[in-house]
Amino acid sequence: MSTTAVGIDIGGTGIKGAIVDIATGELLTDRMKLATPDGGKPDDILDTVLALFDQLGEIGEATPVGVCFPAIIINGCTMSAANVSKKWIGLDAEKLFEAKLGRSIHFVNDADAAGVAEARYGAARDAKGLTILTTLGTGIGSAMLFDGELIPNSELGHLELDGHDAESLASTSAKEKEDLSWKDWAKRLQRYYEHLELLFSPDLILVGGGISKSSEEFLPLLELRTPIKPATLRNNAGIVGAAELASR
Ligand code: BGC
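Because the structure is a prediction, the values reported are computed rather than measured.

Undergrad: Can you walk me through the domain arrangement of the protein chain in this structure?
TA: One frequently used descriptor of interface size is the decrease in accessible area upon assembly of the parts. Domain parsing of the protein chain yields domain 1 (4–112 + 236–247) and domain 2 (126–232). Each of domain 1 and domain 2 was reduced to a C-alpha centroid, and the two centroids are 23 Å apart. The interface of domain 1 with domain 2 comprises 12 residues on the first partner and 14 residues on the second. Buried area between domain 1 and domain 2, summed over both chains or domains, comes out near 840 Å², and the portion from carbon and sulfur atoms is 48%.

Undergrad: Where do I start with the nonpolar core in this structure?
TA: Core analysis: the biggest nonpolar cluster contains 26 residues, and Leu136, Leu189, Tyr192, Tyr193, Phe218, Leu222 and Ile228 have the highest contact counts within it. Every element with two or more residues in this core is listed here: strand S8 (130–136), strand S9 (140–146), helix H4 (166–170), helix H6 (182–200) and strand S13 (204–208). The element best represented in this core is H6, accounting for six residues. Beyond its immediate stretch of four places on either side in the chain, phenylalanine 218 contacts Leu136, Trp182, Trp185, Ala186, Leu189, Val207 and Ile211.

Undergrad: Help me understand the state of the cysteines, please; the structure alone is not making it clear to me.
TA: What is meant by a disulfide is a covalent connection between two cysteines, made through their sulfur atoms. For the coordinates displayed, the defined rule picks out zero disulfides. The thiol of cysteine 68 is unpaired, and the distance to the nearest cysteine sulfur, on cysteine 77, comes to 17 Å. Cysteine 68 gets classed as buried once you look at its relative accessible area, which sits at 0%. The exposure class of cysteine 77 is buried, given its relative accessible area of 19%.

Undergrad: Could you clarify how one ought to interpret the packing of helix H1 (residues 42–55) against helix H2 (residues 93–101) in this entry?
TA: The relative placement of two packed helices is expressed as an angle between their axes plus a distance between the axes. The contact between H1 and H2 brings their axes to 10 Å, and the two run at 45°. By the angle between their axes, H1 is oblique relative to H2. Where H1 crosses over H2, the handedness of that crossing is right-handed. In this structure, H1 uses Ile45, Leu46, Asp47, Val49, Leu50 and Phe53 to contact H2, whose residues at the interface are Leu96, Phe97, Lys100 and Leu101. Considered class by class, the residues forming the contact of H1 with H2 number eight nonpolar, no polar and two charged.

Undergrad: Hey, could you run me through the pairing of strand S4 (residues 65–69) in this one?
TA: On a regular strand, each side chain points to the face opposite its neighbour's, so the side chains alternate between the two faces of the sheet. Counting buried residues along S4, five of its five residues qualify, which places the element largely inside the surrounding structure. Covered by surrounding structure in S4 are Val65, Val67 and Phe69 together with Gly66 and Cys68, the residues of both alternating faces. Inspection of the sheet shows strand S1 (residues 4–10) paired to S4 by four bridges, in the parallel sense. Its bridge partner being in S4, valine 6 is matched across the sheet by valine 65. Bridge count for S4 against strand S7 (residues 106–109) is four bridges, and the pairing is parallel. Residue pairing across strands places cysteine 68 opposite valine 108, the latter belonging to S7.

Cut-offs and rules
- Residues numbered from 1 in each chain as written.
- Predicted model: local features only at pLDDT ≥ 70, side-chain atom pairs only at ≥ 80, totals over all residues.
- Heavy atoms only, no water.
- Domains from an automatic or database assignment.
- Contact = heavy atoms within 4.5 Å.
- Buried area = accessible area lost by both parts, 1.4 Å probe.
- Core = buried A, V, L, I, M, F, W, Y, C linked by side-chain atoms within 4.5 Å.
- Buried < 20%, exposed > 50% of the residue type's maximum accessible area, 1.4 Å probe, protein only.
- Helix = DSSP H or I, 4+ residues; strand = E, 2+ residues; numbered from the N terminus.
- Disulfide = S-S within 2.5 Å.
- Axes fitted to C-alpha atoms, helices over the stretch in contact; angles between N-to-C directions.
- Parallel < 35°, antiparallel > 145°, perpendicular 65-115°, else oblique.
- Left-handed = near helix turned anticlockwise from the far one by under 90°.
- Nonpolar A, V, L, I, M, F, W, Y, C, P; charged D, E, K, R; others polar.
- Pairing = 2+ DSSP bridges.

In structure tokens, the structure reads:
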């Protein structure tokens, strides 16, 4: 296993990257960030990822590179596109990133990467049984881990809730768009997490995404039988998880 790796996290609004210390999960460089190009089209995102990669400085050929992306990823192909251009659907994205960066990469769903990071370095370390990490952001991402092992592509942000796609009701973007108070947003989160509990009976639920830094505003308002805690790697989780997976 390599001791350092690059992690790149492609999101609906920003593309972030850093070099990661695999033993500790800490970032060894500043976190670089570029805006996701409008429309999130493949060529534009590929160009932005290359620009970000170049900002990280000289990366040795033996250094693994992991890239995470907000879509279902099967055998390196992007099979959905909720908050990026529909042009991604069905693309062999892993190959496209490899050609662009001129090296092999590990390609994974963004929430899955975050879940792996929390399981190894963060709030789900040593967690037994079923952990569900949800990332609240532009959409809702999910990672399911059983005894620390990832069950990939769970996409629980797209569960149907009261006739709607859950992420359109309960994501951070929904809170912002509708200018919901913490209390009103927490009511939606209550419905969402209750539904997760009913379907999966998890042992632990983690809440990640940038908003988890304000978790004291909404987690105490939720009444669930499952322990629910903020994720600890916050906005770095995708970067760290993608790097960790690439280093294996
Ligand atoms: C996508 C997921 C992604 C999540 C968070 C959802 O809309 O379908 O693949 O993990 O957003 O970015």
